[in-house]
Amino acid sequence: MAQEKQIAWDLYHSYENFKEKSLTNRRFKHSDIVPLIEQLQNKKNFKVDKVGKSVEGRDIYLISMGSGKTKVFLWSQMHGDEPTATAALLDMFNFFSDDSAFPELKNLILSNLSIYIIPMVNPDGAEEFQRRNIVEIDLNRDVLRLQTPEAKILKEVFDSLKADFGFNLHDQGRDYSAGNSFNPASISFLAPAPDYDKTLTPPRENAMKLIGNLVTVLNEFIPGHIAKYSDDYEPRAFGDNFTKWGTATVLLESGGWRGDREKQFLRKINYITILSALNSIASGGYANTDISVYESIPQNEKFMMDLILRNLTVKRDEIDYLIDVGINFGEVNINGAKDFYLKAEIEDVGDLSVFAGYEEFDLSGYSVEHGKTKPEPYHSFDELEKINSARLYSEGYTTVILNNDSFQGEYSRLPFNIILSDKTIPEAKIKPDEAPNFIIRKNNEVEFAVVNGFLIDIEKIESWNDNSIVYGK
Ligand SMILES: [Zn+2]
């Protein structure tokens, strides 16, 4: 185990040498990775095959490496908006393209294993940055009915390989926590059940041992941030059926990490995890791990929120009520799903002491009220840019009206929201599902505003570089 940890640390420290630099965020497309895959054909360790096409005609590739007798099958991004492992696999291709570094590890892996990889099973979904494929079928519920070409391809490759090990590589929501640890579940594992009774078959036991081994390695890097996905049997899912059909299948979910919305740190952790897994399978080391390690992994729970404002006072009929406000940010795709802006919603209000925020602010002694819409309209964007935001907040407003037919857009970089309408706006409340736009006072003086969920210190408005919302007519 000491040696496996040392190799993982060496992979960690040398990562920048192999990281695929052309992939910088989560919204890369099929057209971004095809040239990277095609060029592998000229390299000695790789075999590249096209194994079929998506609904919209995008090629799906199978990349093979190694000549050993143990077969390992990895596939990523069957959900189009879950790309973290795809990027890590491309980093790993760079690792195996290089002849000089880690010769012993590469030799161990490539001589003991035959590795088969489908990166980006759902390229049409990736194009739209959406979970489902382009005919709105969830590929991971299509293993029995096989209506989609993408699921058919995955099943056909699986059948042709009957691999000893399988890796089902996904992303999960940022709201998952590792038990009630107040930490995000940055990596979650599962050895899927082969039936409703959750039978411990030999392949499932091997998957559990391997996961236990990987958890021991990952505790070096992300202690307290590893969780275990629910093992409720899902008869329509790939992992559950692959386990039933005899492959030791590992589900790996990349979740959240503080300060890493684009998951570039978690991509690096994926890279280390996958290479550590290949090392452990090739050496047979995983078999020495007791399944009690797997059993002791905390459950995936949903105790994370993006932002929690703690200990605010809300007043009604001269009575004060102490509340926390939990806020989550949704991503709205723009520019052909190559980019996004954030749109916030109040997730919960009240005693949120069992939840943790990626960011938290203690606002003890501050009162909160909902930000209002200024009734007098503006007539041009130029006028909006000249608004003194501190004064706007001091009058209780976080939203303005713009009467200008030529203005278009869904969001802006101004520190207040815009409504493109002259209709009266119903007074919003501080309650779940509403937009979080607040005025926050101490001793009746406005000190903060919350605009589209972002806390703004009125002393530092100039440094604000988040986004507000433009509401249409
Ligand atoms: Zn998924």
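Look up a bit, the structure's there.
Okay, so let's go over this structure. Note that this is a predicted model, so its numbers are computed, not measured.

Quick look at the overall build of the protein now. For the protein, the helix and strand inventory stands at twelve helices and 23 strands. At 25 Å, the protein has a C-alpha radius of gyration in line with the 23 Å of a compact globule built from 473 residues. If you line up the protein on its principal axes, its C-alpha atoms span 75 × 45 × 45 Å. Evaluated residue by residue, the protein yields a buried proportion of 56% over its 473 residues. Intrachain contacts of the protein at a sequence separation of at least 6 include 75% that bridge at least 24 residues. Considering the protein, the positive charge centre built from 52 side chains and the negative charge centre built from 73 side chains are found 3 Å apart.

This part takes up the packing of helix α4 (residues 103–112) against helix α9 (residues 264–283). Running from amino to carboxyl end, α4 crosses α9 at an angle of 65 degrees, the nearest separation of the two axes being 9 Å. Crossing hand, α4 versus α9: left-handed. On α9, the residues that touch L105, L108, I109 and N112 of α4 are L275, L278, N279, A282 and S283. Among the residues forming the contact of α4 with α9, the class breakdown is six nonpolar, three polar and no charged.

Moving on, we get to the environment of S76. For S76, the location among the structural elements is in strand β3 (residues 70–76). Residues S76 and I118 lie 42 residues apart in sequence; the distance between their C-alpha atoms is 6.5 Å.

With that out of the way, let us pick up the coordination of the zinc ion. Within the protein, H79 (ND1), E82 (OE), E82 (OE) and H170 (ND1) serve as the donor atoms for the zinc ion, at 2.0 to 2.7 Å. Metal-centred angles of 54 to 149 degrees between the four donor atoms at the zinc ion mark the site as irregular. Donor residues for the zinc ion, ordered by position in the chain, follow H-x2-E-x87-H. Here H170 lies in strand β5 (residues 165–171) and H79 lies in the loop between β3 and α3 (84–97), a separation of 91 residues in the sequence. For the pair H79 and H170, a shared accessibility class is recorded, and that class is buried.

Relative to the 16 Å expected for twelve residues at 1.5 Å per residue, helix α1 (residues 2–13) spans 17 Å between its end C-alpha atoms, a close match to the ideal helical length. Among the residues of α1, those classed as buried are E4, I7, A8 and L11. All buried residues of α1 lie within an arc of 100 degrees about the axis, which places them on one face of the element. Residues A2, Q3 and H13 are exposed on α1 and point more than 90 degrees away from its buried face.

So, on to the packing of aromatic side chains. A full pass over the atoms with the stated rule returns 25 aromatic pairs. For the pair F73 and W75, a centre-to-centre distance of 4.9 Å together with 40 degrees between the ring planes defines the contact as tilted. In this structure W75 comes out as buried when scored by relative accessible area, which is 0%. Seen from their ring centres, F165 and Y286 are 5.3 Å apart, and the 80 degrees between their planes marks the pair as edge-to-face. Pair noted here: F165 is in strand β5 and Y286 is in the loop between α9 and α10 (291–295), with a separation of 121 residues, a long-range link. Grouped by ring-pair contacts, the aromatic residues Y15, F18, F95, F96, F102 and Y271 constitute a single cluster. Sitting over the ring of Y358, R174 keeps its end group 4.1 Å from the ring centre. Taking the ring centre of Y12 as reference, the NZ or CZ of K268 above it sits at 3.8 Å.

Right, let's talk about the sheet that holds strand β8 (residues 226–228) for a bit. If you trace the eight strands from one edge of the open sheet to the other, you get β1-β2-β4-β3-β5-β9-β7-β8, paired in mixed fashion. In this open sheet, the two strands that pair with only one neighbour each are β1 (46–53) and β8. With strand direction ignored, the average angle separating the axes of adjacent strands in the sheet is 20 degrees. Two elements, strand β2 (residues 59–65) and strand β4 (residues 113–118), share three bridges in a ladder whose sense is antiparallel. When the sheet's bridge partners are listed, S64 is paired in β4 with Y116. Set on the sheet, helix α2 (residues 30–38) makes contact with β1 and β2; between it and β2 the angle comes to about 35 degrees.

Taken in spatial order, the five strands line up as β16-β17-β19-β23-β18 in an open sheet, and their pairing is mixed. Strands at the two margins of the open sheet, each flanked by one partner only, are β16 (372–373) and β18 (411–412).

Compared with an ideal rise of 1.5 Å per residue, which puts 14 residues at 20 Å, α3 spans 20 Å between its outermost C-alpha atoms and is within 8% of the ideal. Of all 14 residues making up α3, 13 are buried, and the element is well covered by its neighbours.

Position of S276 relative to the elements: it lies in helix α9. For S276, a relative accessible area of 6% translates into the label buried. With near-sequence residues (within four places) excluded, S276 lies in contact with A8, L214 and V217.

Thresholds applied
- Residues numbered from 1 in each chain as written.
- Predicted model: local features only at pLDDT ≥ 70, side-chain atom pairs only at ≥ 80, totals over all residues.
- Heavy atoms only, no water.
- Helix = DSSP H or I, 4+ residues; strand = E, 2+ residues; numbered from the N terminus.
- Rg over C-alpha atoms; globule rule 2.2 N^0.38 Å.
- Buried < 20%, exposed > 50% of the residue type's maximum accessible area, 1.4 Å probe, protein only.
- Contact = heavy atoms within 4.5 Å.
- Lys, Arg positive; Asp, Glu negative; His and termini not counted.
- Charge placed at Lys NZ, Arg CZ, Asp CG, Glu CD.
- Axes fitted to C-alpha atoms, helices over the stretch in contact; angles between N-to-C directions.
- Left-handed = near helix turned anticlockwise from the far one by under 90°.
- Nonpolar A, V, L, I, M, F, W, Y, C, P; charged D, E, K, R; others polar.
- Donors = N, O, S within 2.8 Å, 3.2 Å for Na, K, Ca; no water.
- Tetrahedral: all angles 85-135°; square planar, octahedral: opposite > 155°, others 65-115°.
- Expected span 1.5 Å × (residues − 1).
- Arc of directions from axis to C-beta.
- Phe/Tyr/Trp six-rings, centres within 6.5 Å; stacked < 30°, edge-to-face > 60°.
- Lys NZ or Arg CZ within 6 Å of the ring centre and 35° of its normal.
- Pairing = 2+ DSSP bridges.

None of the figures reported here should be taken as evidence of function without further support.
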